[in-house]
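# Topology and contacts: notes
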Amino acid sequence: MIRFDAVSKNYPNGTTAVDELSLELAEGGITVLVGPSGCGKTTTLRMINRMVEPTAGTVSLRGRDIREVHAPELRRGIGYVIQHAGLFPHRTILDNIATVPLLLGWSRKKARARAAELLELVGLPSEMAKRYPNQLSGGQQQRVGVARALGADPPVLLMDEPFSAVDPIVRAELQAEFIRLQKELHKTIVFVTHDIDEAIRLGDNIAVFRTGGKLAQFDTPERLLAHPADDFVAGFVGQDRGIRRLSFVKAAEVPLREGPVLPETSPVARARTVDEPWVLVVDEARRPLGWAAVAGLPDTGTLADAPLAPLGHTFSLVGDSARAALDAALLSPSRLAVGVDAEGAVVGVADAYELSAVMAAAEAVAAEAAAGDAGADAPGGGER
Amino acid sequence: MSDGEPLVRWDWIADHAGELADYTGVHLRLGLLPVVFGLIISVPLGILCHRWRWLYPPVLTVANILYSIPSLALFMIFVRYTGLTERTVMIPLTLYTLSVLVPNVVDGLASVPEPVRLAATAMGFGPIRSVVQVELPIAVPVVIAGVRVAAVSSISLVAVGQLIGQGGLGYYITRGLQLDFPTPIVTAIVLIMLLALATDALLVLAQRLLTPWSRNKVTAA
Ligand SMILES: Nc1ncnc2c1ncn2[C@@H]1O[C@H](COP(=O)(O)OP(=O)(O)OP(=O)(O)O)[C@@H](O)[C@H]1O
Ligand SMILES: [Mg+2]
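Residues numbered from 1 in each chain as written. Chains lettered and ligands numbered in written order. Predicted model: local features only at pLDDT ≥ 70, side-chain atom pairs only at ≥ 80, totals over all residues. Heavy atoms only, no water.

## Describing the overall build of chain B
Heads up, the condition is: Helix and strand assignments come from DSSP, with helices taken as H or I runs of at least 4 residues and strands as E runs of at least 2, each series counted from the N terminus. Think of it in three bands: with a 1.4 Å probe and only protein chains considered, a residue is buried below 20% of the maximum accessible area for its type, exposed above 50%, and partly exposed in between.
Secondary structure assignment for chain B yields nine helices and zero strands. Of the regular secondary structure in chain B, the N- to C-terminal order runs α-α-α-α-α-α-α-α-α. Projecting the C-alpha coordinates of chain B onto the three principal axes gives extents of approximately 75 × 45 × 25 Å. Within chain B, the fraction of its 221 residues that count as buried is 42%.

## Brief notes about unusual backbone geometry
Phi is positive for Ala-6 of chain A, which is not a glycine, with a value near 45°. If you trace the backbone, Ala-6 of chain A turns up in strand E1 (residues 2-10). Phi is positive for Asp-180 of chain B, close to 55°, though the residue is something other than glycine. Relative to the elements of secondary structure, Asp-180 of chain B occurs in the loop between helix H8 (170-179) and helix H9 (182-210).

## Things to note about the environment of Ala-147 of chain A
Residues and elements named next belong to chain A. Here is the rule: For this analysis, residues touch if any pair of their heavy atoms sits within 4.5 Å.
With respect to the helices, strands and loops of the structure, Ala-147 is situated in helix H6 (residues 138-149). Between the alpha carbons of Ala-147 and Leu-118 there is a distance of 5.6 Å; along the sequence they are 29 residues apart. Sequence-distant contacts of Ala-147, that is, excluding residues within four places in its chain, are made with Ile-97, Leu-118 and Val-122.

## Concerning the interface of chain A and chain B
Heads up, the rule is: Note on definitions: buried area is the accessible-area loss of two parts on being combined, 1.4 Å probe, summed for both. Should a side-chain nitrogen of Lys or Arg be within 4 Å of a carboxyl oxygen of Asp or Glu, the pair is scored as a salt bridge. Identification of polar contacts relies on pairs of N or O atoms within 3.5 Å, with a donor-acceptor requirement for protein atoms, meaning one able to donate a hydrogen and the other able to accept it, and with residues adjacent in sequence counted only if both atoms are side-chain atoms.
Contacts between chain A and chain B engage 26 residues on the former and 25 residues on the latter. Carbon and sulfur atoms make up 66% of the area that chain A and chain B hide from each other, which totals about 2200 Å². For the chain A face of the interface with chain B, the top three residues by lost area are His-90, Leu-103 and Asn-134 of chain A, together amounting to 27%. Connecting chain A to chain B are zero salt bridges. Where chain A meets chain B, there are three residue pairs in polar contact (both at pLDDT 80 or more). At the level of elements, helix H2 (71-76), strand E6 (78-81), helix H4 (99-103) and H6 of chain A are the ones that each hand at least two residues to the side of chain A that touches chain B.

## Considering the packing of aromatic side chains
Selection criterion: Pairing of aromatic rings covers Phe, Tyr and the six-membered ring of Trp, with a centre-to-centre limit of 6.5 Å; geometry is then stacked below 30 degrees between planes, edge-to-face above 60, and tilted otherwise. Geometrically, a lysine NZ or arginine CZ counts as sitting over a ring once it is within 6 Å of the ring centre and also within 35 degrees of the ring normal.
As enumerated under the stated definition, the model contains 11 aromatic pairs over all chains in all. Plain terms: the ring middles of Phe-178 of chain A and Phe-191 of chain A are 5.6 Å apart, the flat faces sit at 45° to each other, and that makes the pair tilted. Taken together, the residues Phe-178 of chain A in helix H7 (residues 168-185) and Phe-191 of chain A in strand E8 (residues 188-193) connect sequence positions 13 residues apart. The pair Phe-178 of chain A / Phe-191 of chain A is uniform in exposure class, with both members buried. Its guanidinium or amino end placed over the ring of Phe-88 of chain A, Arg-148 of chain A lies 4.8 Å from that ring's centre, counting from NZ or CZ. Taking NZ or CZ as reference, Arg-51 of chain B lies 5.0 Å from the ring centre of Trp-52 of chain B, over its face.

## Section: the confidence of the model for chain B
Definition in use: pLDDT measures the predictor's confidence residue by residue and takes values from 0 up to 100.
Per-residue confidence for chain B gives a mean pLDDT of 92; residues scoring 70 or more make up 96%. Across the interface, the model reports ipTM at 0.86; the global pTM reads 0.80.

## A word on the sheet that holds strand E12 (residues 278-282) of chain A
Each strand in a sheet pairs with its neighbour through backbone hydrogen bonds, running either in the same direction (parallel) or in the opposite one (antiparallel). Residue and element names in this part refer to chain A. Rules: Whether two strands pair depends on DSSP finding at least two bridges between them. A fitted line through C-alpha atoms serves as each axis, taken over the contacting stretch for helices, and the angle formed by two N-to-C directions is quoted from 0 to 180°.
Across the sheet, which stays open at both edges, the three strands sit in the order E11-E12-E13 with mixed pairing between neighbours. Each of the sheet's edge strands pairs with one partner strand only, and the pair in question is strand E11 (261-263) and strand E13 (288-293). Within the sheet, the average angular offset between the axes of one strand and its neighbour, ignoring direction, is 35°. Alignment of E11 against E12, held across three bridges, turns out to be parallel. Residue pairing for E12: Leu-262 is matched across the bridge by Val-281.

## So, the packing of helix H5 (residues 86-110) of chain B against helix H7 (residues 127-157) of chain B
All names here are of chain B. Here is the rule we go by: Each angle gets one of four labels, with under 35 degrees taken as roughly parallel, over 145 as roughly antiparallel, 65 to 115 as roughly perpendicular, and the rest as oblique. For any helix crossing, the convention is left-handed if the near helix is rotated counterclockwise from the far helix by under a right angle, and right-handed if that rotation is clockwise.
Close contact between H5 and H7 brings their axes to 8 Å; oriented N to C, the two are set at 160°. When the axis of H5 is compared with that of H7, the two are roughly antiparallel. Relative to H7, the crossing made by H5 is right-handed. The residues of H7 that touch H5, namely those facing Leu-93, Tyr-96, Thr-97, Val-100, Leu-101, Asn-104, Val-105, Asp-107, Gly-108 and Leu-109, are Glu-135, Leu-136, Ala-139, Val-142, Val-143, Ala-145, Gly-146, Val-147, Val-149, Ala-150, Ser-154 and Leu-157.

## Considering H8 of chain B
Note on helix geometry: an α-helix contains 3.6 residues per turn, so any two residues three or four positions apart are oriented the same way. All names here are of chain B. Note the threshold: Working note: the arc is built from the helix axis to C-beta atom directions.
Of the positions making up H8, those classed as buried are Gly-170, Tyr-172 and Gly-176. Projected down its long axis, H8 carries its buried residues within an arc of 160°, all on one side. The elements touched by buried residues of H8 are helix H1 (10-15), helix H2 (17-51) and H9. Immediately beyond the C-terminal end of H8, within one or two residues, lies Asp-180, with a positive phi of roughly 55°.

## So, the sheet that holds E1 of chain A
Residue and element names in this part refer to chain A. Read across the open sheet, the four strands follow the order E2-E1-E4-E5; overall the sheet is antiparallel. Edge positions in the sheet fall to strand E2 (16-25) and strand E5 (64-65), since each of these pairs with one other strand and no more. Pairing of strand E4 (residues 56-61) with E5, which is carried by two bridges, proceeds in the antiparallel orientation. Directly across from Leu-61, in E5, lies its bridge partner Arg-64.

## What about the packing of H6 of chain A against H7 of chain A?
All names here are of chain A. The condition is simple: Gly falls in the polar group here, along with every residue not listed as nonpolar (Ala, Val, Leu, Ile, Met, Phe, Trp, Tyr, Cys, Pro) or charged (Asp, Glu, Lys, Arg).
Relative orientation of the contacting elements H6 and H7 amounts to 20°, with a least axis distance of 11 Å. On the basis of their axis angle, the class for H6 and H7 is roughly parallel. At the point where H6 passes H7, the crossing takes the right-handed sense. Taken together, the residues of H7 that come into contact with H6 (itself represented by Gly-139, Gln-142, Arg-143 and Val-146) are Val-170, Glu-173, Leu-174, Glu-177 and Leu-181. When grouped by side-chain class, the residues that make up the contact of H6 with H7 number four nonpolar, two polar and three charged.

So this is what it looks like as structure tokens:
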């Protein structure tokens, strides 16, 4: 869909911003460009809509060299979201969103109707339509920026650190919203960030750049974490990439054992026969109530009378990743993670050591996959 | 001034009300048309200076030199071509506004935040559309600030045109001096000040109407 062929950008002052980049970005996916400051991410992005012209090589969009298209026209077909939203202060929110449709010559009425739809799509109340940008918070402005970029429903969206100027809570919210939106819209998105966590969270494919504008690795997030191409990439993805990789393993794949799970109606004597320091007390529907320390049990009665330590958090076999399971194990008083099904009933438990077995399994799968596509094209085109 | 003559004779003002109104109209025309012409020259000139920065220092130097030439000298130059007409007054006044208006247009355009400029390009505004539809509207508050200064100074400068017989309310100042009669002088000065104040107030109002977006700032997180 978007293809870079031996593209370089040298500035007159001698800076090489992008060096011999060859890359093919898949249609309908999110490609994240990530790397340290000054490595050429913005330059690469702007070469796609001709805000920067390459010194060498060609960029093509759907098989067509973009130099053949008049720049303003090309840009009206490509959404662009920038870091500080860059909303037009003199236009209302609605008219900001209607910008590109109006440039394309839509009637004012149709453009505004479209803008109202988009305002809702990005989760803003319709009362905001008549406000001006300086009456919105940073996070709200960023949403308007996204809506404006979607104005004429362009197939391609370029986003330059769109969420980096807001606080972490708002950022997480915007990211989640963005993932939801993309599920609905299936745009071809090029997303720039210098935050590797954001890259892993959002990217279908990630291009890691190193200083000097060189592509260091182009891969899926899983493979980037499992097989960094070199020390630079390994360093960039961080020390905890082992734990991060667990994000890509579904909790359903975690091996669970029945373990010390007892109903609250059990006599305390029963708990003592289990050879474990902690028992997990559950109700009649097997929903977990808490951990009981065997050493602290009363002499008689049932487990309902026993003092319970709080559960910490459980992990769900339907939605969570193995990373959540590991976290649950580390925070549990018994050091056992409790896995629950969709109804919240306990399926089984696992400790951190048992969870690490998932890693080995994931490793094997990844190795197999790597062997599998060795002959075929790497994901999304890969380096060539 | 003869003894016993009051500063203001109200009956004189009442007798000359119609004439005073006429001269006030002329004064306003002589004062404000140069600002309009100045704006017509300054906006494109300012855009060019913003686009090609090297152009700005020489343009500003010329505008400042023009401003430093005494009005009498300029009248004497133009009177040879345009005679003892209103044009001879308005041309120098127009030239004087440039030293305020050109820098304000340039500063106004420079006040457009870089992300906004970039966004305009990225959305597909061509260079001319970007200036007309995005950058100039955002420059309006700074430009109007310049227009206020230019309008007030232009209105007070008109009186000097009386040197060639085209001074609007300035007429009453020379008349009063010739007749040793203070009432017309005081009346003219007060009217000129009122005109300047009213014009300034109207410009403030115009800015509020033209730039509703620059008010209601919130500092939400
Ligand atoms: N107009 C320019 N003239 C000269 N050098 C430039 C110009 N624009 C960018 N550069 C240089 O090109 C290199 C790449 O810049 P670019 O903006 O693409 O980096 P980036 O990866 O987006 O960085 P950041 O994360 O800081 O935004 C930098 O070294 C930068 O200084
Ligand atoms: Mg950048």
